[in-house]
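Examination of the molecular architecture
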Amino acid sequence: MSSVAEAGGQDRIVPMRLQKFLARAGAASRRGSENLMTAGRVAVNGIVVTELGSKVDPLVDEVAVDGVVVRLADGPVTLMLHKPAGVVTTMSDPQERPTVAGLVPVRQYPGLFPIGRLDRDTTGLLLFSTDGELGHALLRPSGHVTKFYTALVAGVPTPGQLAHLREGIELDDGLTLPAEVELLEGDRAQRALAALDVPPVVPPCASRQYARACSARAKERSVVRIGLHEGRKRQVRRMLDAIGHPVLALHRDTFGPLQLGDLPRGEWRQLDAGEVAALGQAPGRS
């Protein structure tokens, strides 16, 4: 398919490749747009188009993804979700577990994808976007922004253990960057607990090396706030487990300049232009 419509006149937008149109309209990244096409999810004027390199005229042709019309004027969309526990961060799951795709407007904004992940039992702020460049910039190692978590842990970490986390701790995938760590007490700890899904049973310690210490402290609980400047898989849980204080519940409330605020659990909201701009200028972006 060489072109769905030819341009006519100097004021017309010349035909562009369909995957470029989809990316500029915010349906997905360029690569993601190609995947949408090859999966048969893109139609032009009601006809499914799978051939990469096909062209469209934005002023004449109607382009739809999964039956939803997309336009250049729509632009990319970025939103935040208050992720609840028990939901996996994936847009589809072969095991048919609840996914975040069921909580965000994927039909309204085709190509929406999560920026990073929260594991199944972690709650809190999770970003989504149709802007592939933004997502890539925030996830690459040099672009990681600071993210803050509140963790309910077994036992009470000592000042020395907290200092160890602040300096960087050795995990199986290398030394972590220094973290911002604080033990919350009194009213601050109680307010933090209100945002956590606290399990009735203390989970086992993931590290055999500290299993005895974890067992001895199982009846004690404390609240730790930790800020990370990198993004490794299950990093907060692994760091706290490494000092003998396994995580019982975990919640993220800050991603760079963005805070979850009072957004209800399971709900989402679209970021405004100022928030997106602040995210793009956050420390850590290059």
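Residue indices follow the written sequence of each chain, beginning from 1 at its first position. With pLDDT at 70 or above as the cut-off, local features in this predicted model cover only qualifying residues; side-chain atom pairs require 80 or more to be listed or tallied, and sums for whole chains, interfaces and linings still use all residues. By convention in this description, side-chain values take in all heavy atoms of the structure and omit both hydrogens and water.

Some details on the overall build of the protein
Stated precisely, the cut-off is as follows: Helix and strand definitions follow DSSP, with helices as H or I runs of at least four residues and strands as E runs of at least two, each counted in order from the N terminus. The buried label applies to any residue whose accessible area, calculated with a 1.4 Å probe on protein chains only, is under 20% of its type's maximum; exposed applies above 50%, and partly exposed to all values in between. Here, two residues are considered to be in contact whenever any of their heavy atoms come within 4.5 Å of each other. All accessible-area figures derive from a Shrake-Rupley calculation using a 1.4 Å probe, and residue coverage is judged against the displayed protein chains alone.
Across its full length, the protein holds eight helices and 17 strands. When the 286 residues of the protein are sorted by exposure, 48% land in the buried category. In the protein, the share of contacts with a sequence separation of at least 24, taken over all contacts with a separation of at least 6, comes to 70%. Of the roughly 14,400 Å² that the protein leaves accessible, carbon and sulfur atoms contribute 50%.

Looking at the layout of surface pockets
Rules: The rule is simple: put a 1 Å grid over the protein atoms alone, call a set of points where a 1.4 Å probe fits but cannot get out a cavity, call an open set with protein on both sides within 12 Å along at least five of seven lines a pocket, and count a residue as lining if it has an atom within 4 Å of a point. Grid points are joined across faces, edges and corners, and a volume is the space filled by probe spheres set on the points. In this count, Pro and Cys sit with the nonpolar residues alongside Ala, Val, Leu, Ile, Met, Phe, Trp and Tyr, while Asp, Glu, Lys and Arg are called charged and the others, Gly among them, polar.
Reported here for the largest pocket is a volume of approximately 590 Å³. Of all elements in the fold, only α3 (132-139), β10 (147-154), α7 (235-242) and β15 (247-255) reach the threshold of two or more residues within the lining of the largest pocket. Split into classes, the residues belonging to the lining of the largest pocket amount to 10 nonpolar, seven polar and 12 charged. Quantified by volume, the second largest pocket comes out at close to 370 Å³. In terms of lining, the second largest pocket is formed by 18 residues, of which the most central are Leu36, Arg41, Gly111, Leu112 and Phe113. Take the lining of the second largest pocket: its biggest share by element is four residues, from helix α2 (residues 30-38).

Focus on the pattern of salt bridges
The condition that has to hold: For this document, the term salt bridge refers to a Lys or Arg side-chain nitrogen within 4 Å of an Asp or Glu carboxyl oxygen.
The final tally for this structure, using the stated rule, is 11 salt bridges. In this structure, the salt-bridge partner of Arg225 is Asp253, at a minimum N-O distance of 2.9 Å. With Arg225 in strand β14 (residues 221-228) and Asp253 in strand β15, this residue pair connects regions lying 28 residues apart in the sequence. When sorted by exposure, Arg225 lands in the same class as Asp253, which is buried. The residue Glu275 makes a salt bridge to Arg269 at a minimum N-O spacing of 2.7 Å.

Thoughts on α2
Definition in use: Each direction from the helix axis to a C-beta atom contributes to the arc, which is the arc of those directions.
Those residues of α2 that fall on the buried side of the exposure criterion are Gly32, Ser33, Leu36 and Met37. All buried residues of α2 project into a common sector of 145° when viewed along the axis, lining one side. Summarising the contacts, the buried residues of α2 are in contact with α1 (18-24), β2 (42-44) and β5 (63-65). Trailing α2 by a residue or two, Gly40 shows a phi angle of about 75°, which is positive.

Looking at the sheet that holds strand β3 (residues 47-48)
Filter applied, for reference: Whether two strands pair depends on DSSP finding at least two bridges between them.
Strand order in the open sheet formed by four strands is β3-β2-β5-β6, and the pairing between neighbours is antiparallel. Only two strands of the sheet have a single neighbouring strand rather than two, namely β3 and β6 (68-70).

Points about the packing of aromatic side chains
We count it as follows: Centres within 6.5 Å are what make two rings of Phe, Tyr or Trp a pair, Trp counting through its six-membered ring; a difference in plane orientation under 30 degrees is then read as stacked, over 60 as edge-to-face, and the rest as tilted. Only lysine NZ and arginine CZ atoms are considered, and such an atom sits over a ring when it is within 6 Å of the ring centre and within 35 degrees of the ring normal.
This model, assessed by the stated rule, comprises zero aromatic pairs. Taking the ring centre of Phe255 as reference, the NZ or CZ of Lys147 above it sits at 5.2 Å.

Some thoughts on a positive patch on the surface
Using the following cut-off: Candidate patch residues must exceed 30% relative accessible area and have no salt bridge, after which like charges are joined if within 9 Å and Val, Leu, Ile, Met, Phe, Trp or Tyr side chains if within 5 Å. In summary, the charge assignment counts Lys and Arg as positive and Asp and Glu as negative, without counting His or the chain termini. One atom stands in for each charge, and that atom is NZ of Lys, CZ of Arg, CG of Asp or CD of Glu.
Side chains of Arg17, Lys20, Arg24, Arg30 and Lys55 sit close together on the surface and give a patch of like positive charge. Take Lys55: it is sitting in strand β4 (residues 55-56).

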